[in-house]
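Descriptive structure summary
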Amino acid sequence: MKSIVKATTDGIDYGDMVVLYSADKFANEIVLRKGGRFECHSGIFLHSKIIETGFGKKVYSESMRESLYVLKPSSTLHTHCLNHRTQILYSPDISMVLLQCAMKPGSLVIESGTGSGSLSTSIAKTVFPTGHLYTFEFNEERVKAAQKEFEEMGFDQNITVTHRDAIEDGFNLDIAGSDGEKTDLEDKADAVFLDLPSPWKAIGHAYKVLKHNGRICNFSPCIEQVQKVCLELNDLKFSHIRTFECLGKPYVSKNKGYEYLDYSENEGEEVKEVPEKPKKRKRDRKAVQKKEDMKNRNKLLTSEPSFKIKGHTGYLTFATCNKTLGRVEEIVQKDQKQSDK
């Protein structure tokens, strides 16, 4: 199967996953089967015809009236195609998480909760091929659905999905891998991501699995949650605590007028003033003046920020795990107790 991580420039074959995309931003992931057909508002598309078409080209419906683009699967397209079992993170937030947590190939990342798997897919694509994602979800049905999707995309070797309540039980530190051997995650994680109702209750568990200088990220929609998270991070001696809000700032194009300046051919000559028109009656003087002003203005196509900005999806709080500072304080407190005795 040519999954998100295995898709190449080669042709398409049965068993491969492809994305069908239309100009109106409709997208759908399908796995090609012999004799299969994909039906949507654009018509009926045979899987065999998609294979003949190839990536990056238009495949036409049986009626030849409508067409869709055949694209290679990617983590970004998957975000637009997935079934929403929960609210999901989109590209702006996902990009910020990957950047601020310094994820790269070979990183070991822990996530809670899995949800619809939007962020999980991007993390797995980032840490591929030598890294690994351990993701935790308290809802068993979501776990089963996520496991199936990750297998279809070829991430089954890079993602371990665990049915577990991270707030109550923490991050399972003795997970049994495919080979039957248990992996101790304590002090192993390069990054931890939290998307939980009460994330401050899981920060202590995250501290145990993070490396020194490992990064933690919490996603919360409410500022009250952020405040509790920051207080807990501060108590556990996390450093560089920062909260970000990813907002899209759209720009709009407008024709804006500006006054026309009639410069003479002789350099340094003053600008010619537009001669005044005879005054009209008092009652319509303002209207005439406005009309004359518009005649003396040229129009220029400009681009400027729109005042209509959509609300945020949530707040992203980042911090660095400083285990050295915590251990130093433990030693100081221990020495102080001994000296008091």
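Quick caveat: nothing in here was measured; it's all calculated off a predicted structure. (Residues numbered from 1 in each chain as written. Predicted model: local features only at pLDDT ≥ 70, side-chain atom pairs only at ≥ 80, totals over all residues. Heavy atoms only, no water.)

Below, the discussion takes up the nonpolar core. With 29 residues, the main nonpolar core has V97, M103, I123 and L316 as its most contacted residues. Breaking this core down by element, the ones donating at least two residues are helix 3 (91-100), helix 4 (118-127), helix 5 (140-152), strand 9 (159-163), strand 12 (189-194), strand 13 (210-220) and strand 17 (315-320). For V97, the residues in contact, after removing those within four places along its chain, are M103, L119, F193, C217, L316 and F318. Formed by 24 residues, the second largest nonpolar core is a distinct cluster that contains Y134, L185, A202 and V229. (Core = buried A, V, L, I, M, F, W, Y, C linked by side-chain atoms within 4.5 Å. Buried < 20%, exposed > 50% of the residue type's maximum accessible area, 1.4 Å probe, protein only. Helix = DSSP H or I, 4+ residues; strand = E, 2+ residues; numbered from the N terminus. Contact = heavy atoms within 4.5 Å.)

On to the side chain of S118. Residue placement: S118 occurs in helix 4. Look at S118 and you get buried, because its relative accessible area is 3%. For S118, the side chain forms a polar contact with the side chain of T79, separated by 3.2 Å. Within polar-contact distance, the side chain of S118 engages the backbone oxygen of L89 at 2.8 Å. Beyond its immediate chain neighbours, meaning those up to four positions away, S118 contacts T79, L82, I88, L89 and I94. (Polar contact = N/O pair within 3.5 Å; in protein donor to acceptor, adjacent residues only side chain to side chain.)

Another point: the packing of helix 3 against helix 4. Where helix 3 meets helix 4, the closest approach of the two axes is 11 Å, and the angle between their N-to-C directions is 40°. In terms of their interaxial angle, helix 3 and helix 4 are classed as oblique. In the crossing of helix 3 with helix 4, the sense of the turn from one axis to the other is right-handed. Across the interface between the two elements, I94, V97 and L98 of helix 3 pack against S118, L119, S122, I123 and T126 of helix 4. When grouped by side-chain class, the residues that make up the contact of helix 3 with helix 4 number five nonpolar, three polar and no charged. (Axes fitted to C-alpha atoms, helices over the stretch in contact; angles between N-to-C directions. Parallel < 35°, antiparallel > 145°, perpendicular 65-115°, else oblique. Left-handed = near helix turned anticlockwise from the far one by under 90°. Nonpolar A, V, L, I, M, F, W, Y, C, P; charged D, E, K, R; others polar.)

Quick look at the sheet that holds strand 7 (residues 108-112) now. Either a parallel or an antiparallel arrangement is found when strands of a sheet pair, and the pairing is made through backbone hydrogen bonds. With respect to topology, seven strands assemble into an open sheet ordered 9-8-7-12-13-17-14, the strand pairing being mixed. Edge positions in the sheet fall to strand 9 and strand 14 (239-245), since each has one partner strand and no second. Geometrically, the sheet is characterised by an average inter-axis angle of 15° between neighbouring strands, direction not taken into account. Relative to strand 12, strand 7 runs parallel, the two sharing four bridges. If you follow V109 over to strand 12, its bridge partner there is A191. Packed onto the sheet, helix 3 meets strand 12, strand 13, strand 14 and strand 17 and runs at close to 5° relative to strand 17. Its contacts with the sheet put helix 5 on strand 8 (132-137) and strand 9, and the angle it makes with strand 9 is roughly 165°. (Pairing = 2+ DSSP bridges.)

Once that is clear, we can look at the environment of E111. Inspection of the secondary structure assignment puts E111 in strand 7. Judged by relative accessible area, which is 2%, E111 ranks as buried. Sequence separation of E111 and V161 is 50 residues, and the distance between their C-alpha atoms is 9.5 Å. Leave out the neighbours within four places in its chain, and E111 touches L119, S120, L133, Y134, T135, F136 and F193.

The tally for this structure, following the rule as stated, stands at five salt bridges. A salt bridge links R142 to E137; the nearest nitrogen and oxygen atoms lie 3.2 Å apart. Relative accessible area serves as the criterion here: at 22%, R142 is assigned to the partly exposed category. Across the salt bridge formed by D190 and K211, the nearest N and O atoms sit 3.0 Å from each other. Highlighted residues: D190 in strand 12 and K211 in strand 13, separated in sequence by 21 residues. (Salt bridge = Lys/Arg side-chain N within 4 Å of Asp/Glu carboxyl O.)

It is worth spelling out the pairing of strand 6 (residues 67-71) at this point. Only one face of strand 6 is buried, namely the one carrying L68 and V70, since none of S67, Y69 and L71 on the opposite face is buried. In this sheet, strand 6 lies alongside strand 1 (residues 17-21) in antiparallel orientation, the contact comprising three bridges. Among the inter-strand pairings, V19 is bridged to a residue of strand 6, identified as L71. Bridge count for strand 5 (residues 58-60) against strand 6 is three bridges, and the pairing is antiparallel. Residue pairing in the sheet places Y60 in a bridge with S67 of strand 6. Here strand 5 folds back onto strand 6 in antiparallel fashion, the turn holding six residues, of which M64 has a positive phi close to 65°.

For the rest of this paragraph, the subject is the UniProt feature "binding site: S-adenosyl-L-methionine" (unreviewed entry) in the protein. When the UniProt feature table is mapped to this numbering, "binding site: S-adenosyl-L-methionine" (unreviewed entry) covers S116, G117, S118, L119, E137 and D195. Separation in sequence by 80 residues is not matched in space for these annotated residues, since their most distant C-alpha atoms are only 13.4 Å apart. Inspection of the secondary structure puts L119 in helix 4. Excluding residues within four positions of it along the chain, L119 makes contact with L89, I94, V97, E111 and F193. (UniProt positions renumbered as here; feature names shortened; annotations may be inferred.)

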